[in-house]
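# A closer look at the structure
Residues per chain are reported as follows:
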Amino acid sequence: MMKFDLEATLIFSDSVEEAVKDIEEAIRESNETLLKKGVPESVEDGGADVRGFSVEKDTLTLNIDSDRYVRAHDALLRLKKRLNKELGPEHHVGVRELSIDGYAIELDLDRAPKDPEKITLPYVEEVSFDEKRCVLKISELGEKELKENYVDRIIERLKEKVDAQYYEGKEEMWELLWGSDEKEMAWEKDPTEEMLERDWIKRGPTKGKWFYRPEMAKVLKTIEKIAVKEVLKPLGFQEIVESMMVPFDVWIETGHMEGIPNEAYYVTEPKTRNPGEWEEIIDEIKIARDVPDEKLEDMIETPKAGICYAQCPTIYWSFRNETISDDSLPVLVYERTVPSARYESGGRHGLERVDEFHRIEPVYIGTKEQLLELKEKLIERYKHVFEEVLDIEWRMAKVEPFYLQQSGGSEKEEELDLGTVDFEAYLPYRGTREESEWLEFGNLSVFRKYTESFNIKSQSDTLLSGCTGIGLERWAMAFLGQKGLDRENWPEKFDDYFGDMPDGFELL
């Protein structure tokens, strides 16, 4: 059930008191026809109705009731257009301004909220619940917001917030697909602490950042080389290079802007390059040897972009509104130059959880058949690397994050045999295999969302897309966590890729 009760005002360019009869006739005809368009033939008395109106000078006040088939705000926009057409030629007036005086929406939810008082929404004056029934009272919406579907999004956001209360604290769906044999572990130490002890790494100047000295840099570069040569090149992936800064509109299209605003690092620009306007700040830095925060805030713009969270959004953006030839499908590309930044709460962590990390992101676009075939080939290549090159103990699981579960998208992906697969490695220093948390060190996804969001098309078929993250730090922790830092415990194939150990430095 869904009911809409709208009070609105239309202000014309001049008085319409002499046009009352024409307004009344336009409303009567609209109630019978225009405001019923979109109602199924099987539904009686559906659609929208103007229940009352009044005219005073240049102002027309309306009350519109409706159901879900023709929502009241859509009816208002239709009526505005009709009145302009009817009154313009004869009375030489048109609607100059439209405003919402009151808007109550009553709807039934799938389930009652667990904690109604915690549910608040922008543009909503009041939200009340009676079990599953909800009433929203909306204000502060103008014509622009009505045309851009703010009302529908408010309703969808309400449903998401109610559903989220049922998933708070609930773990992600996890289903084991495959597991390797148990491997003999070389040690049970924390690789991060041992690398700090040996001066392979140094904590960065800010939380969650690291400086990699030659030994660890060589490990990361070796992993990168293995991933490219053993996984990506055999499958035909081509390398691309992108910017590390992502504008908000791209993140809005991919869903990142609403999903991870609390984890993003933001980028801002100076308001001016004129050195003279920065002189006061420069003076204070030179004298106080510190940055004057408040003065700096006055000299920089509001952020309109963020630092790369994952490389795939910009790759999808690069194909926005493009039609890819059938001969070029599937598109197989990867990016490895841009570091990713994700704000982690709490104190300092080891290399398995960092604010800045390095990854290869392969992205693929193609038909369902092409990507499901590619998915199996990628899994085969990963198995080859993890089993025969790294020789680690790992497992593969089908996962479904709680936010995807509550959105209902998971069922749609399930129908197409899509979704996400995680790769997890056992870390001895965390405890037993049965009781400790395994490290998620890679994943592989196939989705429909991004080709739809960016309007990416082919000549003859619907396209899907996907990506598979290869985090160099995570791969390194999975490997070093099991094999240790001493080369005699490293498998032969990895050791061959690694080559000579760098000399490093003797720090006194």
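Notes on the structure in this doc start here. Starting afresh in each chain, residues are numbered from 1 along the sequence in its written order. For a predicted model such as this one, the threshold for reporting local features is a pLDDT of at least 70, and the threshold for listing and counting side-chain atom pairs is 80 or more; totals across whole chains, interfaces and linings nevertheless cover every residue. The side-chain figures draw on all heavy atoms in the structure; neither hydrogens nor water molecules are used.

## What to know about the packing of helix α1 (residues 20–32) against helix α2 (residues 72–91)
Helix axes are fitted only over the stretch in contact, all axes being lines through C-alpha atoms; the angle between N-to-C directions runs from 0 to 180 degrees. Under the DSSP-based scheme used, a helix requires at least four consecutive residues in state H or I and a strand at least two consecutive residues in state E, with every element numbered from the N terminus. Where α1 meets α2, the axes come as close as 10 Å, and the angle between the chain directions of the two elements is 145 degrees. As for the relative orientation of α1 and α2, their crossing is right-handed in sense. Between α1, through Asp22, Ile23, Ala26, Ile27, Glu29 and Ser30, and α2, the contact on the second element is made entirely by Leu79, Arg82, Leu83, Glu86, Leu87, Glu90 and His91. Amino acid classes used here: Ala, Val, Leu, Ile, Met, Phe, Trp, Tyr, Cys and Pro are nonpolar; Asp, Glu, Lys and Arg are charged; the rest, including Gly, are polar. Here the contact of α1 with α2 is built from residues that sort into six nonpolar, two polar and five charged. Throughout, a crossing is termed right-handed when the near helix is turned clockwise from the far one, and left-handed when it is turned anticlockwise from it by less than a right angle. In what follows, a contact means two residues having at least one pair of non-hydrogen atoms within 4.5 Å.

## Remarks on the packing of aromatic side chains
Whether two aromatic rings pair depends on their centres lying within 6.5 Å, for rings of Phe, Tyr and Trp, where Trp uses its six-membered ring; planes under 30 degrees apart make the pair stacked, over 60 edge-to-face, and the rest tilted. Enumeration according to the criterion identifies 23 aromatic pairs in this entry. Aromatic side chains Phe386 and Trp475 sit 5.2 Å apart centroid to centroid with 75 degrees between the ring planes, which places their arrangement in the edge-to-face category. Of this pair, Phe386 sits in helix α12 (residues 368–389) while Trp475 sits in helix α16 (residues 472–483); the two residues are 89 residues apart in sequence, bridging distant segments of the chain. Side by side, Phe386 and Trp475 carry an identical accessibility label, which is buried. Only protein chains enter the accessibility calculation, which uses a 1.4 Å probe. A residue is then buried if its area is under 20% of the maximum for its type, exposed if over 50%, and partly exposed in between.

## Focus: helix α6 (residues 214–235)
For α6, with 22 residues, the first-to-last C-alpha span of 31 Å sits near the 32 Å given by 1.5 Å per residue. To obtain the bend at a residue, axes are fitted to the seven residues ending there and to the seven starting there, and the angle between these axes is taken. Taken as a whole, α6 carries its principal kink of about 35 degrees at Val228. Expected helix span is computed as 1.5 Å times (number of residues minus one).

## Let's talk about unusual backbone geometry
The step from Leu329 to Pro330 runs through a cis peptide bond, and the omega angle for that step is -5 degrees. Relative to the elements of secondary structure, Pro330 occurs in the loop between β14 (323–324) and β15 (331–335). With a phi angle near 60 degrees, Asp45 is a residue other than glycine that sits in the positive phi range. With respect to the helices and strands, Asp45 occurs in the loop between α1 and β2 (48–56).

## A word on the sheet that holds strand β12 (residues 266–267)
Pairing is antiparallel in the open sheet, where three strands are placed in the order β11-β13-β12. Across the chains shown, the open sheet's two edge strands, defined by having one partner strand only, are β11 (245–247) and β12. We treat two strands as partners when DSSP finds at least two bridges between them. Bridging between β12 and strand β13 (residues 305–307) involves two bridges; their strand directions are antiparallel. Each bridged residue has a counterpart across the sheet, and for Val267 the counterpart in β13 is Ala305.

## A short note on the side chain of Glu143
With respect to the helices and strands, Glu143 occurs in helix α3 (residues 143–147). Glu143 has contacts with Leu77, Lys80 and Leu98, leaving out every residue within four places of it along the chain.

## Considering the packing of α6 against α16
Where α6 meets α16, the axes come as close as 9 Å, and the angle between the chain directions of the two elements is 105 degrees. In terms of axis orientation, α6 runs roughly perpendicular to α16. On the side of α6, the interface is formed by Met216, Val219, Leu220, Ile223, Glu224 and Ala227, while α16 contributes Leu472, Glu473, Trp475, Ala476 and Leu480. Taken together, the residues of the contact of α6 with α16 break down into nine nonpolar, no polar and two charged. Any angle that is under 35 degrees is reported as roughly parallel, and any over 145 degrees as roughly antiparallel; angles of 65 to 115 degrees are reported as roughly perpendicular and all others as oblique.

## Considerations on the pairing of strand β21 (residues 439–447)
The buried count for β21 comes to seven of nine residues, which makes it a mostly enclosed element. In the sheet, strand β20 (residues 419–425) pairs with β21 via seven bridges, with the strands oriented antiparallel. In the sheet register, Asp422 faces β21, and the bridge partner there is Asn443. Two elements, β21 and strand β23 (residues 464–467), share three bridges in a ladder whose sense is antiparallel. Residue pairing across strands places Val446 opposite Gly466, the latter belonging to β23.

## Brief notes about α16
In an α-helix, one turn spans 3.6 residues; hence positions three or four apart end up facing the same way. With twelve residues, α16 ought to run about 16 Å at 1.5 Å a step, and its terminal C-alpha atoms sit 16 Å apart, in line with that. Burial analysis of α16 places eleven of its twelve residues in the buried class, which makes it a mostly covered element. Listed in full, the buried residues belonging to α16 are Leu472, Glu473, Trp475, Ala476, Met477, Ala478, Phe479, Leu480, Gly481, Gln482 and Lys483. At the exit of α16 stands Gly484, carrying a positive phi of roughly 80 degrees.

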